[in-house]
Amino acid sequence: MPKSPYFKQSTTTKIKVNNNDPLKKTIPDYLDYDLRVLFIGINPGITSAARGHHFAGPTNHFWPCLSESGLVDRVLTCKDDVTMTAEFNLGITNLSARTTRRASDLTLAEQRENAPLLTEKISKYRPRVACFVGKGIYEIYLGKTKGIKMGLQPNTIPWSNGKGATKLFVMPSTSGIVSAYQKKDKLEFFQQLCILVNQEN
């Protein structure tokens, strides 16, 4: 019997899922209690997500500056984010966990929503210093843009155990596209951070 033109055979379309899409990946926090410094980035970039490590962009100055800061005793690369907590008592987190091609792809509202969670992390894990790697990150976190300067901030975050507080330090973004500060300028802030940390010990 000929098939009726009014009844089409069902077809199944196979959709390939790209599990390697960096935009669908996240990077874990590297946290522990009583860290010397907790570094805070804005969110994972596409290169960092693809490589699975923080500050992994080829022009990012974070790891070269950290290596020369005095906070560590050897040259580090992005692959050392996994061990830096245990080896150097340093940690990394982000204000926003979502990966984007550009930080500007995050809405201000989305970033502000994450501020309480960041405060909770800092209060719970009690780092001696929380370092915001970018003035813009701190402005978003704080919810204001006027009167904020680089370096040590006047406010602190009390610890949840009631036995101390985390000092806050702001440095320029280490992204290579930030032309206002060259690597040598950024390194000076890392060295200032090292001095501050040593004073805490």
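The following paragraphs examine the structure supplied in this document. (Residues numbered from 1 in each chain as written. Predicted model: local features only at pLDDT ≥ 70, side-chain atom pairs only at ≥ 80, totals over all residues. Heavy atoms only, no water.)

### Digging into the environment of S69
Link 1 in the chain: Positionally, S69 belongs in the loop between α2 (62-68) and α3 (84-88).
Link 2 in the chain: Each C-alpha atom, one on S69 and one on G147, is 27 Å from the other, the two residues being 78 residues apart in sequence.
Link 3 in the chain: Discounting residues that sit within four places of it in the chain, S69 has contacts with L187, F190, Q191 and C194.
Link 4 in the chain: A polar side-chain atom of S69 sits 2.8 Å from the main-chain carbonyl oxygen of L66.
Link 5 in the chain: Polar side-chain contacts of S69 include one of 3.0 Å to the backbone nitrogen of L71. (Helix = DSSP H or I, 4+ residues; strand = E, 2+ residues; numbered from the N terminus. Contact = heavy atoms within 4.5 Å. Polar contact = N/O pair within 3.5 Å; in protein donor to acceptor, adjacent residues only side chain to side chain.)

### Details of the sheet that holds strand β4 (residues 151-158)
Link 1 in the chain: With mixed pairing, five strands are arranged side by side in an open sheet as β2-β1-β3-β5-β4. Edge positions in the sheet fall to β2 (90-94) and β4, since each of these pairs with one other strand and no more. Here the strands of the sheet are splayed against their neighbours by 25° on average, with no regard to which way each runs.
Link 2 in the chain: Bridge count for strand β1 (residues 37-41) against strand β3 (residues 129-133) is four bridges, and the pairing is parallel. Bridging across to β3, F39 finds its partner in C131.
Link 3 in the chain: Across the face of the sheet, helix α5 (residues 115-125) comes into contact with β1, β2, β3, β4 and β5 (165-171) while running at roughly 80° to β4. (Pairing = 2+ DSSP bridges. Axes fitted to C-alpha atoms, helices over the stretch in contact; angles between N-to-C directions.)

### Digging into the environment of N155
Link 1 in the chain: Summarising the element assignment, N155 is placed in strand β4.
Link 2 in the chain: As a C-alpha pair, N155 and A165 span ten residues in sequence and 9.6 Å in three-dimensional space.
Link 3 in the chain: Of the polar contacts made by the side chain of N155, one reaches the side chain of Y138; its length is 3.0 Å.

### Re the side chain of D80
Link 1 in the chain: Its place among the elements puts D80 in the loop between α2 and α3.
Link 2 in the chain: Assessed through its relative accessible area of 14%, D80 is described here as buried.
Link 3 in the chain: A polar side-chain atom of D80 sits 3.1 Å from a polar atom in the side chain of R74.
Link 4 in the chain: One polar contact links the side chain of D80 to the main-chain amide nitrogen of T77, over a distance of 2.8 Å.
Link 5 in the chain: Contacts of D80, omitting those with residues within four sequence positions, involve W63, R74 and V75. (Buried < 20%, exposed > 50% of the residue type's maximum accessible area, 1.4 Å probe, protein only.)

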